[in-house]
Amino acid sequence: MAVPEVLCITGTDTDAGKTLVTAALARAAMQAGRQVLVLKPVQTGCGHGDSYHHDGMGMRIAPPPPSDTVPDVATYRTAAPAASACAIVQLAPACSPHLAARQAGVDITVHDLTAQVRDHIARHKADLVLIEGAGGLLTPLNSNEVLADLFAELRFPLLLVVANRLGAVNHALLTIEACSARSARGCIPLAGFVTTETSPAAGPAEHAIRKDNASIIATLGRLPCLAAVPHISGLHGSENAREAAWNTAAAAVSPVLETMRRPPCHCTRKAAPDSTPERLLAYDREHLWHPYTSAQTPARTWEAVYTRSTRITLRDGRELVDGMSSWWCAIHGYNHPALLDALQEQSKRMPHVMFGGLTHKPAVELAQSLLDMVPQGLAHVFYADSGSVAVEVALKMALQYQMAAGRPQRNRILSLRGGYHGDTMGAMSVCDPENGMHHLFSGMLPRQIFAPRPECPYSYGQTTPYDPASFAPFSALLEQYGDSVAAVILEPVVQGAGGMWFYHPDYLQAVREACTRHGCLLIADEIATGFGRTGSLFACGHADITPDILCVGKGLTGGVMSLAATLTTAEVAHGISRDGGVLMHGPTYMGNPLACAVAQASLELLMRGNWVHDVARIESGLHTGLHPCTGHSGVRDVRVLGAIGVLEMETPVNTEALQRFFVRNGVWIRPFGRLIYVMPPYVASDEDISTLTRAMCGAVMEGAWR
Ligand SMILES: *Cc1c(COP(=O)(O)O)cnc(C)c1O
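Residues numbered from 1 in each chain as written. Predicted model: local features only at pLDDT ≥ 70, side-chain atom pairs only at ≥ 80, totals over all residues. Heavy atoms only, no water.

Topic: the overall build of the protein chain
The condition is simple: Working definition: helices are DSSP H or I runs of at least four residues, strands are E runs of at least two. Numbering for both runs from the N terminus. Atoms counted for the radius of gyration: C-alpha only. Globule rule: 2.2 Å times the number of residues to the power 0.38. Burial status follows relative accessibility: with a 1.4 Å probe on protein chains alone, a residue under 20% of its type maximum counts as buried, one over 50% as exposed, and anything between as partly exposed. Note on contacts: a residue pair is in contact if any heavy atoms of the two residues lie within 4.5 Å. Method for areas: the Shrake-Rupley scheme with a 1.4 Å probe, in which residue coverage is limited to the protein chains shown.
Counting its regular elements, the protein chain contains 23 helices and 24 strands. Expected size for 706 residues packed as a compact globule is a radius of gyration near 27 Å; at 33 Å, the protein chain overshoots this value by more than 25%. Along the first, second and third principal axes, the C-alpha set of the protein chain runs to 110 × 65 × 50 Å. A total of 706 residues make up the protein chain; the buried ones form 53% of that total. Of the contacts made within the protein chain by residues no fewer than 6 positions apart, 75% connect residues no fewer than 24 positions apart. Roughly 30900 Å² of accessible area belongs to the protein chain as shown, and the carbon and sulfur atoms make up 54% of that amount.

Below you can see the structure in the form of structure tokens.
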């Protein structure tokens, strides 16, 4: 059987003439010899004794009222006697569906209505189906859903009936806007609009206004005017007058039926016909670069389609327990409603505005929240769009500060081996010189000074005390190069992407003292460690120190948007600005309001304090869960700090094989180098943590990592 053409009809208002247009369309189609079904999903004001009738599907059923007491159905039958017509849910009170339903003690839901509409369409062998709404687009069906939700769910083209009178433009444009705003269920494909005239035009002036209404709606609403129905009189006159009136109406709306054969113009949600999972992955392999991959022999990728809390759902329906927080970011889990709400609210007001010369509440509020939570003494905030850029800005701050202080010879940075600070040029220059990318770009990178990795391990449950001798190499370097060092940069306590190495907070304290003594600044890169990950709100907190410059990023927005910040003290900020100096940086998307609003919501979640308990709980869960690997062959070290759990192997792991193993075992863990590690969202349950550690131990025991 051929698929019927279906058209939904809504109006700018209750009495816009929807029923007239629907009935006239039915008549025009009937006259053209077509089988027509007219559906009214919800009909209120049904003039019969029972307050509620439902024509099927096991709900409370009263005897069906005679069709001439169901107002719109009676009209359809008068205009198009050969058409089938029915009102699915009939309610006696003449008011909005949600209220009529409440009075009748029933529930109307988009879910049920959609099923019933589809059922009716399937049962009637019509080749044209017309579905008339009730009231306007935002007429409530219940306390959660409006008529637009039904249309969005049905996803048939929608015809808008505009009552052409004073206020028509405003009503029409609001309705058109509402169509695209109901995005929770996808956009409603608008086919076009039809104007109706509820009274004859009083004279040429009014006629001109009505003509202009139609054209300005078409222009501003970017929607075609498909037909203009003149004022129709005689609809309630003698039989002959009625027939003539309906013929006039049918002729007026008939262009709509022609247009329906063309695809609707306003849908943005049509899936490309060839977007099968295989084609998508093939295109990805051919044309997209993933982090640190070859274009010729790219590593395997999986298509993710949905995330929620600690879960990532793949295209084939598999749900994985997330162990990565998407590289330290999704600290509250995915799709946290507070973050999504903040994003949506801000997107309605102002997604972005330049930060040069303008400011806004999201940026200022976030700066206040940040300054309230970071180690005391920091007072100025610079927003960047990624962690690497925040590091570049930190390096520039340090260099500009030293220049402004009359110490231009202090133009080098001292960094720790095993560190990672980002992928841009300046950031690369301070990454670990061996496993970083120095050899690739050696001619271009500034030559920095490197201290050995701090050999003073630190982890949960550790008993070995700090060995002050571990600080000697750093101390010696600073003695040697101190006068040329602008700043020391390090990741406090936890070195992340450079090796997942944890070192003692006393070492950090010693660095702080040495920097102060030698007149160089301390830059703490907390892009990975910030916001509770290590069990302290900031890793600097383990040593109770304040850096001169602090970089944050990654978890700042809870994994929703890219945003980072570089914070500094009044001393450094005013030093740079002395004698008219300015900080020479300004990203285009600096202080992006969407990102700031989400970050603010994320910090508010943190300020509730649940992370303290959660991170401690995860820490002990990881410790217990990974303990069986200690001493196992191939395992060099097992360490846990805060919500970070690491298995360090003796030799590099087979990332590709391991990743497949983990996906097969229902977890998302991405190892690198000699490291198999997790840093799950703080909302991970004990069950999630044991699923993750079981998979990690399994990989080691079964040799899947080789
Ligand atoms: C990830 C990371 C960066 C770089 O951040 P991007 O947003 O990837 O540019 C810098 N420093 C540390 C410590 C990081 O973990």
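As for the site of the ligand
Rule in force here: If a single non-hydrogen atom of a residue is within 4 Å of a molecule or strand, that residue counts as near it. Under the rule applied, a polar contact is a pair of N or O atoms within 3.5 Å (in protein, one hydrogen donor and one hydrogen acceptor; residues adjacent in sequence only if both atoms are side-chain atoms).
Near the ligand you find S386, G387, S388, Y420, H421, G422, E491, D525, I527, A528 and K554, and these make up its full shell. In this structure, an oxygen atom belonging to the ligand sits 2.8 Å away from a main-chain N or O atom of G387. Within the side chain of K554, one N or O atom sits 2.5 Å away from an oxygen atom of the ligand. Protein coverage of the free-state accessible area of the ligand, which is 380 Å², stands at 83%.

A short note on unusual backbone geometry
Despite not being glycine, S309 shows a phi value in the positive range, around 50°. Tracing the backbone shows S309 in the loop between strand 9 (304-308) and strand 10 (311-314). Judged by relative accessible area, S309 falls into the partly exposed class, the value being 28%.

Observations regarding the pairing of strand 8 (residues 225-228)
Here is the rule we go by: Note on pairing: two strands pair once DSSP finds at least 2 bridges between them. Note on handedness: a crossover is taken as right-handed if, strands pointing away from the viewer, the path from the first strand over the helix to the second is clockwise.
The pairing of strand 7 (residues 190-196) with strand 8 spans three bridges and is parallel. Each bridged residue has a counterpart across the sheet, and for V194 the counterpart in strand 8 is A227. With helix 7 (residues 204-220) bridging strand 7 and its parallel neighbour strand 8, the resulting β-α-β unit is right-handed.

Things to note about empty space enclosed by the protein
We count it as follows: For each structure, a 1 Å grid was placed over the protein atoms alone; sets of points admitting a 1.4 Å probe that cannot get out are labelled cavities, open sets with protein on both sides within 12 Å along at least five of seven lines are labelled pockets, and lining residues have an atom within 4 Å of a point. Grid points are joined across faces, edges and corners, and a volume is the space filled by probe spheres set on the points. In this classification, the charged set is Asp, Glu, Lys and Arg, the nonpolar set is Ala, Val, Leu, Ile, Met, Phe, Trp, Tyr, Cys and Pro, and all remaining amino acids, among them Gly, are polar.
Tallied over the full model, the rule gives two cavities of 30 Å³ or more. One number sums up the size of the second largest cavity: a volume of about 30 Å³. In this structure, the second largest cavity is lined by W328, I331, I527, A528, G530, R533, G555 and Y682. Its residues assigned to classes, the lining of the second largest cavity shows five nonpolar, two polar and one charged.

Comments concerning the sheet that holds strand 23 (residues 667-668)
As a reminder, the rule being used: Convention adopted: a line fitted to C-alpha atoms gives each axis, helices being fitted over their contacting stretch, and angles between N-to-C directions are expressed from 0 to 180 degrees.
Ordered in space as 9-10-11-23, the four strands form an open sheet in which the pairing is mixed. The open sheet is flanked by strand 9 and strand 23, the only strands paired with a single partner. As defined by bridge partners, strand 9 adjoins strand 10 across four bridges and the pair is classed as antiparallel. By the bridge assignment, A304 is partnered in strand 10 with L314. Strand contacts of helix 23 (residues 686-701): strand 10, strand 11 (319-322) and strand 23, with the helix running at about 95° to strand 11, the strand carrying the most contacts.

Considering the side chain of Q346
Here Q346 is to be found in helix 11 (residues 337-349). Residue classification places Q346 among the buried residues on the basis of a relative accessible area of 7%. Among all residues touching Q346, those that are not within four sequence positions of it are P351, P362, P593, L594 and A597.

A word on the domain arrangement of the protein chain
Condition: Boundaries of every domain are those given by an automatic assignment or by a domain database.
Splitting the protein chain by domain gives domain 1 (5-49 + 61-261), domain 2 (270-299), domain 3 (337-348 + 360-607) and domain 4 (611-702). Computed from C-alpha coordinates alone, the two centres of domain 1 and domain 2 are separated by 44 Å.

Observations regarding the pattern of salt bridges
Worth spelling out the cut-off: Counted as salt bridges are all cases of a side-chain nitrogen of Lys or Arg within 4 Å of a carboxyl oxygen of Asp or Glu.
If you walk through the whole model with that rule in mind, you get 27 salt bridges. The shortest N-O distance in the salt bridge between R123 and D119 comes to 2.9 Å. Of this pair, R123 and D119 are both found in helix 4 (residues 110-123), four residues apart, which corresponds to roughly one turn of the helix. On the accessibility criterion, R123 (51% relative accessible area) is exposed.

Quick look at the packing of aromatic side chains
Under the convention used in this document: Pairing of aromatic side chains here covers Phe, Tyr and the six-membered ring of Trp, requires ring centres within 6.5 Å, and sorts the geometry by plane angle: under 30 degrees stacked, over 60 edge-to-face, intermediate tilted.
Going through the model one piece at a time under the given rule, you end up with nine aromatic pairs. Ring geometry for W302 and W668: centres 5.9 Å apart, planes at 75°, overall edge-to-face. In this pair, W302 is assigned in the loop between helix 9 (277-287) and strand 9 and W668 in strand 23, connecting sequence segments 366 residues apart. For W302, a relative accessible area of 16% gives the class buried. With a centroid separation of 5.6 Å and 85° between ring planes, the pair formed by F672 and Y677 is classed as edge-to-face. By relative accessible area, F672 is classed as partly exposed at 27%. An aromatic cluster is defined as three or more aromatic residues linked by ring pairs; in this entry it consists of F471, F474, Y503 and Y507.

A word on the nonpolar core
Inclusion rule: Side-chain atoms within 4.5 Å link the members of a nonpolar core, which is a set of buried Ala, Val, Leu, Ile, Met, Phe, Trp, Tyr and Cys residues.
Formed by 122 residues in total, the largest nonpolar core has its most connected members in L370, Y383, F474, F531 and I676. Looking at which element gives the most residues to this core, the answer is helix 13 (residues 387-404), with nine residues. Here this core gathers at least three residues from each of two domains, domain 3 (337-348 + 360-607) and domain 4 (611-702). Excluding its chain neighbours within four sequence positions, the residues that come into contact with F474 are L414, L416, A451, V488, Y507, V511 and A514. Counting 45 residues, the second-largest nonpolar core is a separate cluster that includes V89, I131, F156 and L223.

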